[in-house]
Amino acid sequence: MTAPVGGPSGTSREPAPAHFAEHEVKALLREWGVAVPRGATATSPAEVAAAARGLAPPLVLKAHGPGLVHKSDAGAVRLGLSGPAEAESAAAEMLAGLLSQGIAPDGFLVEEQAPPGVELIIGVVRDPGFGPVLLAGLGGVWTEVMRDTALCLCPASEADARRMLASLRGAPLLHGHRGRPAVDSEALVGLLLAIGGSEGLWERLDLGEFELNPVIATEEGVVAVDARYLPGTAEPTGPGPGTPGRDGSGQDFTALFEPRAVAVVGASASRPNFGNMFLEFYKATGVPLVAVHPEADEINGVPTVPSLAEADADYALVAVPADRCAEVVRQAKGVSFVQVMSGGFGEAGAAGLETDLVRAAREAGARLLGPNCMGVYSPRGGQTFIGGEPGPPGHVALISQSGGLAGEVVRVGERRGLAFSRVATVGNSADVTPAELLGWLGGDEHTSVVGMYLEDPRDGHALFEALMAVRGRLPVVLLVGGRSGQGRRAAASHTGGMVGDGRVWRALADQTGAVLVGSQDDLIGALSFFQSHASRIIPPVAGPPLPGAARGPRTGRDGDGLPAVLVIGPSGGASVLAADVLDAAGLALAALPDETREVLKALGAGAAGTSPANPLEVPVGPRGRPELVREVIGAIVARRPYPDVVAHVNVQSFFTFGTSADPLYAYAHNLARAQRDLPGTRITLVTRNGECAPPGVEDEVRAIAAGAGIPVYRSMEAAAVAVAAAARFIRGA
C-alpha cells in the first residue's frame, strides 16, 4: 500500500491512490492506536479457508475492490460464519453474485466478528468553506434512517468530543438503556480525538472522505469494524498563503475606519452616479476628500486629480465598470485600502476578473475591500456608505458580506439605540476577509461586541481560529445566510458563496462560544443586549481590556443547569406565554426562594389567592405603584442572585385605563433605579403593545432605560433570544 500519511510522527504526504481497500485503511488505523478486528486477506475463495485459520469464530467475510463502496447493498458482506470451511463456501457464493452484477472484486477480507454493542459512525469530510469536519452519530443501519449526527470543526478538543456525543438524540444508548451497560465513553472520546483531534489522523489524510461505519462501542471499549477512505484533491477555499495579515495579526486596519483622506474614483462631471452619491456622503462627514477624474477640475465642489496615483489618500472608493477596476486599482500605490464597490466579478461567474483585481491590488501594495461591497461606516472616523447624519460613536462593530443588510442594521440599530464603532462590508472578500477583520477587532479599544452577517466564510478555518482567539472576551453574534438549500442557491448568486451543510455553522458557534441567531432583528436585539450589559457579561480574563469592563456576577443556574431568569410583570396570560417562550430559548424560570414569599405578599406581588411564583405577577399600570417593581426585584435578588430579570409591561393598558404617559415613565425610572442598585443583575424591559402609545412615548421609555443600561424589546420572543445569546456566550467563555 502507498501510505497517504507520514505515520503517527510524520507530516509528509505521498501521492494517494484513487481507492484504498478496507484492510489497507485498517492497517493505517492500527498505526494510530485504533482498535480493529483481527483479520487476514485472500485473493480467491480457495485462499479464504487458509486465511481464516487462527481466527476465532464467528467470522465476517467481505469482498473488496472498485465498485464496492457500499458492500452490503452489493451482497459483499456475510456475518456469523462458523469457521474456515463455511467462509470458503461463502466466498464462492459471494464471488458468483458479484460477477453477475458486473463487479470483479480484487479479493476478500475475513475477520473475527466483533461482539454486539452500540453502532456508531465516525468520520471526517472536507467542507467547502471550513475544511475538515469531524462527524459522529448513530451508525450501521441507522445512519441514513435516523440521520442523528453531530459535527465539529477539526481540530476537536476533548470538550468538543464530549459535547458531540451528548448532543446526539441517541445519547441515552451510550449511557446504558433498558438494563444494558453503559459503553466505555473514555475510549469513544479517545477515538474521536485520534481521528479529529489535534495531531489526529485528519491532519495526515488527503480528504476526500474518511469514514468508520460502524464503530461498535461496548463497556469494554470501541472497535472500528468497517472503514472507508476516499482521497480527494479539494484544497481549502479562501485567499492564498501570500495574503498579508490573513489572521488579523499582521495588518493594522485603523486607516480603513479612520482614514486621513478619502479618494473617490468614478464620479461623473456631467451625469450623477454612485460616485457622486458617495462624494455627497463624505462631504457631510467632513473627512478630507478628493475625486479622481481625467479632465474635470472639480466635481460637486470637490477638487479632482487625474489619476489615483496622484491622490494623497489612504482610502479609495472605486465605482467604475468591473472590466476597468483592475487598471484603476493598479494605480493605488501609496493608498492603504482600496474598496471596489462594483459588481460583476466572482459572484457573476467572472472569476478571472476577480483574480486580476487581487493581483492589481498586490502590485500596488494596497489591501482590497470587496469587490461587490458598499464600503465602511465609522462615525468616529468620518467613514460612511449611507446618507444622513452619522450616529453617535460607540462600541458595536459589524462585518457583513451584504452592503444592503449592513445599512439596514446600522440605521435600524441606531434607531433602537445601538452606537457603532466599526462597520465593514466585505462583499466577495477577495482579499480582506471577515476572519482577518475579526482578528483585528479583537484588539480594538473601541469595540466591545461584534456582529457578523456571512454567506461564504471565504476562509472558514481562519474564521474558526479568529473566533477561538476572541472566545470569552469579545462577544460575536453570527447571522448566516444560505444555511438552507434555497438559501445556498441565493447566496451563490449574491457573493459567489457555496457553503456546505448548514449544521457546520452551529458546530462553529458551539466550539467557539459565538452566538448564532436566525434573523436580522435577532442580530440587532442581541447586539443591543451585549451593548447595554457589557459590564455585566464580559468575564475577567487575560488579554486586551475591552470597553465597559467593570466586572460583576455573570450567571446562575437552576437545578437542571439552565440559565436562571426571573420574569416579572402584569397579566397571568402574558406571563404564561413568556414562560413558554423562555423555555423554548433554553432558559429556566427558576423557582422563587421560599424566604421571599411573605415579603412579596406584603408588597402586593402575586395573583390574588395564590403563592408568588416565577413568572411573578405584579400590578403594573396607570393606577399601580411605580416603585413596586423596584421593591420586588430588590427583595428577590437579595435572597437569590438571578443573573437575568425580564420585566414586561402592557403599554396599551396605560392609555386604555389612563390618559397620561407619566405613570409609564415613572415605572421606567424605577426600573432604571433598580438596575443601578443591582450591578450584578441584568435587567431587560419588554414593552408589549408599544404601538398603542402616542408618538414619542416609546422613544422616551427607551431613553430612560438606556440611561441605566437596560435594553428594551417590543416582544418577549425578541428579549428571549437576546437573553439566551448572552447566556450562550457566558457558557462558552
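Bear in mind that the values here come from a model prediction, so they are computed numbers and not experimental data. Going along each chain's sequence as written, the residues are numbered from 1 onward. Reporting in this predicted model follows two pLDDT cut-offs: at least 70 for local features of residues, and 80 or more for side-chain atom pairs to be given and counted; totals over whole chains, interfaces and linings ignore these cut-offs and use all residues. Excluded from the side-chain calculation are hydrogens and water; included are all heavy atoms of the structure.

1. Let's talk about the overall build of the protein chain
For step 1, the next point in the chain: Numbered from the N terminus, helices here are DSSP runs of H or I no shorter than four residues, and strands are runs of E no shorter than two. For the protein chain, the count of helices and strands is 26 helices and 28 strands.
For step 2, the next point in the chain: Type-normalised accessible area, obtained with a 1.4 Å probe on protein chains alone, sets the label of each residue: buried when under 20%, exposed when over 50%, and partly exposed for intermediate values. Among the 733 residues that make up the protein chain, the fraction classed as buried is 56%.
For step 3, the next point in the chain: For this analysis, residues touch if any pair of their heavy atoms sits within 4.5 Å. Pairs at least 24 residues apart make up 70% of the contacts formed inside the protein chain by residues separated by at least 6 positions.
For step 4, the next point in the chain: Per-residue accessibility takes into account occlusion by the displayed protein chains alone, with areas from the Shrake-Rupley method and a 1.4 Å probe. Counting every atom, the protein chain has about 28800 Å² of accessible surface; 53% of that belongs to carbon and sulfur.

2. Concerning the packing of aromatic side chains
For step 1, the next point in the chain: Each aromatic pair joins two rings of Phe, Tyr and Trp (for Trp, the six-membered one) with centres within 6.5 Å, and gets the label stacked for planes under 30 degrees apart, edge-to-face for over 60, and tilted for any other angle. Following the criterion strictly, the structure yields eight aromatic pairs and no others.
For step 2, the next point in the chain: An angle of 10° between the planes, with centres 5.7 Å apart, marks the rings of phenylalanine 257 and tryptophan 440 as stacked. In this pair, phenylalanine 257 sits in helix α9 (residues 254-257) while tryptophan 440 sits in helix α14 (residues 434-441), placing the two residues 183 residues apart along the sequence. Neither residue differs from the other here; phenylalanine 257 and tryptophan 440 are each classed as buried.
For step 3, the next point in the chain: Relative to phenylalanine 729, the ring of phenylalanine 530 has its centre 5.8 Å away and its plane inclined at 85°; by these criteria the two rings are edge-to-face.

3. Describing empty space enclosed by the protein
For step 1, the next point in the chain: We place a 1 Å grid over just the protein atoms. Points where a 1.4 Å probe fits but has no way out form a cavity, open points with protein on both sides within 12 Å along at least 5 of 7 lines form a pocket, and any residue with an atom within 4 Å of a point lines it. Grid points are joined across faces, edges and corners, and a volume is the space filled by probe spheres set on the points. The full count for this structure, using the stated rule, is two cavities of 30 Å³ or more.
For step 2, the next point in the chain: Roughly 60 Å³ of volume is contained in the second largest cavity.
For step 3, the next point in the chain: In terms of lining residues, the second largest cavity is bounded by Leu467, Val470, Arg471, Gly472, Leu474, Pro475, Val476, Thr512, Gly513, Ala514 and Phe729.
For step 4, the next point in the chain: Along the lines of polarity and charge, the residues of the lining of the second largest cavity split into seven nonpolar, three polar and one charged. Lys, Arg, Asp and Glu make up the charged group, whereas Ala, Val, Leu, Ile, Met, Phe, Trp, Tyr, Cys and Pro make up the nonpolar group; the residues left over, Gly among them, are polar.

4. Some remarks on the UniProt feature "domain: ATP-grasp" (unreviewed entry) in the protein chain
For step 1, the next point in the chain: UniProt positions are given in the numbering used here, feature names are shortened, and annotations may be inferred rather than shown by experiment. UniProt marks residues 26-63 with the feature "domain: ATP-grasp" (unreviewed entry), using the numbering shown here.
For step 2, the next point in the chain: Taken end to end, residues 26-63 is 37% helix and 24% strand, and its first and last C-alpha atoms sit 15 Å apart.

5. So, the sheet that holds strand β3 (residues 77-81)
For step 1, the next point in the chain: Following DSSP output, two strands are said to pair if at least two bridges run between them. In space, the four strands of this open sheet follow the order β1-β4-β2-β3, with antiparallel pairing throughout. Every other strand in the sheet has two partners, leaving β1 (39-42) and β3 as the edge strands with one partner each. Across the sheet, the axes of successive neighbouring strands diverge by a mean angle of 20°, strand direction being ignored.
For step 2, the next point in the chain: With four bridges joining them, β1 and strand β4 (residues 107-112) adopt antiparallel strand pairing. By the bridge assignment for β4, alanine 42 is matched with phenylalanine 108.
For step 3, the next point in the chain: Under this scheme, a helix contributes an axis fitted over its contacting stretch, all axes are lines through C-alpha atoms, and angles between N-to-C directions fall in the 0 to 180 degree range. Across the sheet, helix α4 (residues 84-100) lies against β2 (59-64), β3 and β4, angled at about 30° from β2, the strand it touches most.

6. Notes on helix α2 (residues 45-52)
Residues that lie three or four places apart on an α-helix share one face, since the helix turns once every 3.6 residues.
For step 1, the next point in the chain: Inspection of α2 places Pro45, Val48, Ala49, Ala51 and Ala52 among the buried residues, and these make up the whole buried set. Take α2 and look down its axis: the buried residues cluster within an arc of 165°, on one side only.
For step 2, the next point in the chain: Lining the buried residues of α2 we find β1, β2, α4 and β4.
For step 3, the next point in the chain: Of the residues flanking the end of α2, it is glycine 54, one or two places downstream, whose phi is positive at about 90°. Working definition: the arc comes from the directions between the helix axis and the C-beta atoms, pointing outward to the latter.

7. Thoughts on the packing of α14 against helix α15 (residues 460-470)
For step 1, the next point in the chain: Where α14 contacts α15, the axes come no closer than 8 Å and their chain directions differ by 15°. When the axes of α14 and α15 are compared, the pair comes out roughly parallel. Where α14 crosses over α15, the handedness of that crossing is left-handed. Residues Ala435, Leu438 and Gly439 of α14 touch α15, and the partners they reach there are Ala462, Leu463, Ala466, Leu467 and Val470.
For step 2, the next point in the chain: Residues that form the contact of α14 with α15 fall into these classes: seven nonpolar, one polar and no charged. Note that the term roughly parallel is reserved for angles under 35 degrees, roughly antiparallel for angles over 145, roughly perpendicular for angles of 65 to 115, and oblique for everything else. Left-handed describes a crossing whose near helix is turned anticlockwise from the far helix through less than a right angle; right-handed describes the clockwise counterpart.

8. A look at the sheet that holds strand β27 (residues 682-688)
For step 1, the next point in the chain: Taken together, five strands build an open sheet; the order of strands is β25-β24-β26-β27-β28 and the sheet is parallel. Two strands in the sheet have a free side with no partner beyond their single neighbour: β25 (616-617) and β28 (712-713).
For step 2, the next point in the chain: Relative to β28, β27 is paired through two bridges, and the arrangement is parallel. Paired with leucine 685 across the strands is valine 712, a residue of β28.
For step 3, the next point in the chain: The strands that helix α24 (residues 662-677) touches are β26 (644-650) and β27; relative to β27, the one it contacts most, it runs at about 165°.

9. With respect to the environment of leucine 95
For step 1, the next point in the chain: Among the structural elements, leucine 95 can be located in helix α4.
For step 2, the next point in the chain: For leucine 95 and alanine 76, which are 19 residues apart along the polypeptide, the C-alpha to C-alpha distance reads 8.4 Å.
For step 3, the next point in the chain: Beyond its immediate chain neighbours, meaning those up to four positions away, leucine 95 contacts Pro45, Pro105 and Phe108.

10. A short note on the pattern of salt bridges
For step 1, the next point in the chain: A side-chain nitrogen of Lys or Arg and a carboxyl oxygen of Asp or Glu constitute a salt bridge if their distance falls within 4 Å. Across all of its chains, the model carries 36 salt bridges by this definition.
For step 2, the next point in the chain: In this structure, the salt-bridge partner of arginine 359 is aspartate 356, at a minimum N-O distance of 2.9 Å. Here arginine 359 pairs with aspartate 356, and both are found in helix α12 (residues 351-364), just three residues apart, close to one helical turn.
For step 3, the next point in the chain: Overall, aspartate 356 belongs to the partly exposed group, its relative accessible area being 32%.
For step 4, the next point in the chain: Salt bridges linked by common partners bring Glu22, Lys26, Lys62, Lys71, Glu111 and Asp226 together as one network.

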